[in-house]
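Below, each chain spelled out in residue letters.
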Amino acid sequence: MSRVYNFSAGPSMLPEPVLQKAQQELLDWHGSGMSVMEMSHRGKYFSAIAEKLEGDMRDLLKIPKHYKVLFLQGGATAQFAMIPMNLLGEKSKACYVKTGAWSAKAIKEAGKYCDVVLSASSEDNNFTSIPQRDEWVVDPQAAYLHYTPNETIHGVEFSEAPEANGLPLIADMSSNILSRTVDIEKFGLIYAGSQKNMGPAGVTLVIVREDLIGNADPKTPDVFNYAIQAKNNSLLNTAPTYNWYMLGLVLEWLKELGGIEAIEQQNIKKAEKLYHFIDHSNLYRNPVEVSCRSRMNIPFILNDSDLDSRFLQAAEAAGLAELKGHRSVGGMRASIYNAMPEEGVDALIQFMSEFERIQNFVSNI
Ligand code: PMP
C-alpha cells in the first residue's frame, strides 16, 4: 500500500490514525458485535457516540452552554438558505461581505429570501484582498452580518472576526473550522461542512446562539428548522450515523494531539514554509495580499501557464495529488488542512524546487 499526499480542497486527507481506527472497528464497534453503519440511530451504542461527539466538539472549540451544537445534512450549501429562513424573523434584509466565490454563492441564495445589503466586496481586485473594516456598510436594520472567514477557492482568510456593530455575526467556516482558535461568543452562528477539517463529506456543523432560534419562517421544513433540530438533538430523522462516528474519531485525534492550540501552531508553520518558498521563487507566485493569505488553501500560479499540465503530471508521479487549481481561477492550489502532515508540505516544496530547477536548466540550453 502506498498513500499519496493529497492536496485536495475537499473531500480531503484524513489523519491516518483515524482511518486505521475506523478499519479496526469496522466489523465490531467496542464489543457491540456490529459496525457503526449497522446501528440504530436511536439505540444505546449510537447514543453514546453522539453524546461524545457533541462533548468533544464543545471541549475543543470551548463552546459556551448558551450555544446549540447541531449536526445536519445538506452541506454548507443548505446553510446558505437555512440561515435566512431561520434568522430573518420580522426583518427583511441581511448584510453580506463578498470576498470570494463562496461568499458570492451565499449571497445569491440569500437573495431568494431577503434584500441583501452588500456590506463590502473585493470583487474589483479579483478577490485578492479583504476590504478595510472601516469601509464596510453595516445596516442596523439587517437581521445579521454574514462573512466567509476562509475563501477556499481564492485562498483569502480573515485573521480575526470582524466587528459586527451589534448584529449577529454569521460565519461560513467550512474550510478553516478547527484549524485555529476562535472566540465563539463573537458569533451568532457558525457553520461548516465536514469534508475538509472534520471528516468525510455528509455532516454540517452548526453552532448557534440559543436566543437566535425559534423564529423561523413558518414555511421552513422541519429538517431545516434549527429550533426543531435542536429540540431533537439533530436526530429528527435518520442521521448519517457513520459520518458522525468518523467526525468523532477526528475530534479524538485532535484532542490527543493537544487540541486546537497545538494544531494551529502546526498550521502556521506549514503555511509559512510554503508561502516563503513561493515568494522566493521565480517560477511560482501567490496573488493574495500578504495580510490575508489563507493558512488552509494556497493558490499559486506558474509564470508560464504552458507548464501547468507538465507540473501536474510530474507532481502526480511524485505522489503529490490534486494540486490543480479551481477551474474558475486556474493555476494550482495546495490545500493543507489539519490532516496534512508537515512532511507533505516539505515534499511539495522539494518537488516545486526541483521542477523550477529543471525549467531553468531547460530554458538555458
Ligand atoms: N463554503 C465554503 C467556504 C466551501 O469551501 C464550500 C465547499 N468547498 C462550501 C461552502 C459548500 O460546501 P458543501 O459542498 O458542503 O455544500
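Just so we're clear, the structure is a prediction, and the values are computed from it rather than from any experiment. (Residues numbered from 1 in each chain as written. Predicted model: local features only at pLDDT ≥ 70, side-chain atom pairs only at ≥ 80, totals over all residues. Heavy atoms only, no water.)

A. Examining the nonpolar core more closely. Core analysis: the biggest nonpolar cluster contains 60 residues, and M57, L61, F71, I177, L178, W244 and Y245 have the highest contact counts within it. Excluding residues that lie within four positions of it along the chain, M57 makes contacts with K62, I63, V69, F71, L178, M198, L205, L247 and L251. By size, the runner-up hydrophobic cluster in this structure holds 28 residues, among which are F311, A334, M340 and M352. (Core = buried A, V, L, I, M, F, W, Y, C linked by side-chain atoms within 4.5 Å. Buried < 20%, exposed > 50% of the residue type's maximum accessible area, 1.4 Å probe, protein only. Contact = heavy atoms within 4.5 Å.)

B. Spotlight on the sheet that holds strand β5 (residues 145-147). Strands sit in the order β2-β10-β9-β8-β5-β3-β4 across an open sheet of 7 strands; the sheet is mixed. Whereas interior strands pair on both sides, the edge strands pair on one side only; in this sheet they are β2 (67-72) and β4 (115-121). Along the sheet, successive strands turn relative to each other by an average axial angle of 20°, direction set aside. Contacting β3 (93-98), β4, β5 and β9 (189-193), helix α4 (residues 101-110) crosses the sheet at an angle of about 160° to β3. (Pairing = 2+ DSSP bridges. Helix = DSSP H or I, 4+ residues; strand = E, 2+ residues; numbered from the N terminus. Axes fitted to C-alpha atoms, helices over the stretch in contact; angles between N-to-C directions.)

C. Inspection of the site of the ligand at higher detail. The ligand sits among G75, A76, T77, F80, W102, N150, T152, D172, S174, S175, Q195 and K196. Within the side chain of W102, a nitrogen or oxygen atom sits 3.5 Å from an oxygen atom of the ligand. The separation between an oxygen atom of the ligand and a polar side-chain atom of T152 is 2.4 Å. With the chains in place, 85% of the 390 Å² that the ligand exposes on its own is no longer accessible. In terms of residues, the shell around the ligand owes the most to one element, helix α3 (residues 75-87), which gives 4 residues. (Near = heavy atom within 4 Å. Polar contact = N/O pair within 3.5 Å; in protein donor to acceptor, adjacent residues only side chain to side chain. Areas by Shrake-Rupley, 256 points an atom, 1.4 Å probe, with all protein chains shown as cover.)

D. Local environment of helix α9 (residues 342-363). When the terminal C-alpha atoms of α9 are compared, their 32 Å separation across 22 residues agrees well with the 32 Å that a helix rising 1.5 Å per residue should span. Burial in α9 covers these residues: G344, V345, L348, I349, F351, M352, F355, E356 and Q359. Down the axis of α9, the buried set is contained in an arc of 165°. They therefore lie on one face. Exposed residues pointing more than 90 degrees away from the buried face of α9 are listed as Q350 and F361. (Expected span 1.5 Å × (residues − 1). Arc of directions from axis to C-beta.)

E. Spatial organisation of the packing of helix α6 (residues 241-257) against helix α7 (residues 259-279). Between α6 and α7, whose axes approach to 7 Å, the crossing angle comes to 80°. Here α6 lies roughly perpendicular to α7, going by the angle between them. Along its contact with α6, which presents W253, L254, K255 and L257, the element α7 presents G259, A262, I263 and Q266. Broken down by class, the residue content of the contact of α6 with α7 amounts to 5 nonpolar, 2 polar and 1 charged. (Parallel < 35°, antiparallel > 145°, perpendicular 65-115°, else oblique. Nonpolar A, V, L, I, M, F, W, Y, C, P; charged D, E, K, R; others polar.)

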